[in-house]
Amino acid sequence: MYHYLQQAWKKPDRKVLRERMIAWRKSPVFTRLEKPLRIDRARALGYKDKKGFVVIRVRLMRGGHRRPRPNKGRRGKRLHTRKNLKMNYQWIAEQRAGRKFSNLEVLNSYLLGKDGIYYFYEVILVDPERPEIKADKTISWIAKPENRGRVFRGLTSAGKKSRGL
């Protein structure tokens, strides 16, 4: 079944996806979902339908991430900026979700779609304090203290890809 879901997402119905994105534009930046939209992708990235797993849809503005020009406190040579932000959109979406839900830990994320203004990602978060998570041997590693804040250290798959690993 997951194979056919995966094939369906390779060429999604544009009309349905467009109507969804119009509704998503009006929704808040962070929207908690009952179930992931792309269940095959979520399961492949470690999602399980049990207590402790949370799925958040994140809306992210498209466009360049040019760093702002410093307004004072430097000599002229250091005042101009030509560099853009090297982080990819997916990593930015994960970090924003991690900051918003600070008690949860980011497991992974995937792209839902993009339109002219926004990118839409679904971010899978895990509550490391729940006993269901601590008892599950496949995901209990996330409850260890050395894995706190992994999204901010570039340890998710989007972060590793953005860092060139």
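Going by the structure above, here's the rest.
Quick summary incoming for the structure in this document. Since this is a predicted model, take the numbers as computed values, not measurements. Here the residue numbering is sequential within each chain, running from 1 through the sequence in written order. In keeping with the predicted nature of the model, local features appear solely for residues at pLDDT of at least 70, side-chain atom pairs appear and are counted solely at 80 or more, and the whole-chain, interface and lining totals rest on all residues. For side-chain calculations, the full set of non-hydrogen atoms in the structure is used, while hydrogens and water are omitted.

### Here we look at the overall build of the chain
In DSSP terms, a helix is any run of H or I states spanning at least four residues, a strand is any run of E spanning at least two, and both are numbered starting from the N terminus. Along the backbone of the chain there are 6 helices and 4 strands. Along the chain direction, N to C, the helices and strands of the chain fall in the order α-α-β-α-β-α-β-β-α-α. Judged by the C-alpha coordinates and their principal axes, the chain covers about 60 × 45 × 30 Å. A 1.4 Å probe rolled over the protein chains alone gives each residue an accessible area, and that area as a share of the maximum for its type sets the label: buried under 20%, exposed over 50%, partly exposed in between. By the burial criterion, 39% of the 165 residues in the chain qualify as buried. At a minimum sequence separation of 6, the contacts of the chain that also span at least 24 residues come to 66%. Contacts: residue pairs with any heavy atoms within 4.5 Å of one another.

### Here we look at the pairing of strand S1 (residues 30-33)
The alternating pattern of S1 places Thr-31 and Leu-33 on a buried face, while none of Phe-30 and Arg-32, on the opposite face, is buried. Strand pairing requires that DSSP identify at least two bridges connecting the strands. Pairing of S1 with strand S2 (residues 53-61), which is carried by 4 bridges, proceeds in the antiparallel orientation. Paired with Phe-30 across the bridge in S2 is Val-58.

### Description of the pairing of strand S3 (residues 105-114)
Counted residue by residue, S3 has 8 buried out of 10 residues, so it is predominantly covered. Summarising the sheet, S3 and strand S4 (residues 118-126) pair through 8 bridges and their orientation is antiparallel. The partner of Glu-105 across the bridge, within S4, is Val-126. Counting the residues that bridge the hairpin from S3 to S4 gives 3 residues.

### A few points about the packing of aromatic side chains
When the centres of two rings from Phe, Tyr and Trp lie within 6.5 Å, Trp using its six-membered ring, the rings pair. Their planes under 30 degrees apart give stacked, over 60 give edge-to-face, and anything left gives tilted. All chains considered together, the criterion is met by 6 aromatic pairs. With 6.1 Å between their ring centres and 55° between their planes, Tyr-118 and Phe-120 make a pair best called tilted. A residue is classified by how much of its surface remains accessible, and Tyr-118, at 16% relative accessible area, is buried. Taken together, the aromatic side chains of Trp-24, Tyr-118 and Phe-120 make up a single cluster linked through ring pairs.

### A word on the sheet that holds S3
Strand pairing in a sheet relies on backbone hydrogen bonds. The paired strands run either parallel or antiparallel. In space, the 4 strands of this open sheet follow the order S1-S2-S4-S3, with antiparallel pairing throughout. The sheet is open, and its two edges are formed by S1 and S3, each paired on a single side. In this sheet, adjacent strand axes meet at a mean angle of 25° when their direction is disregarded. Sheet topology note: the S2/S4 ladder contains 9 bridges and is antiparallel. Fitted lines through C-alpha atoms give the axes, limited to the stretch in contact for helices. The angle between two N-to-C directions lies from 0 to 180 degrees.

Everything listed here is a matter of coordinates, which is why it stays silent on function.
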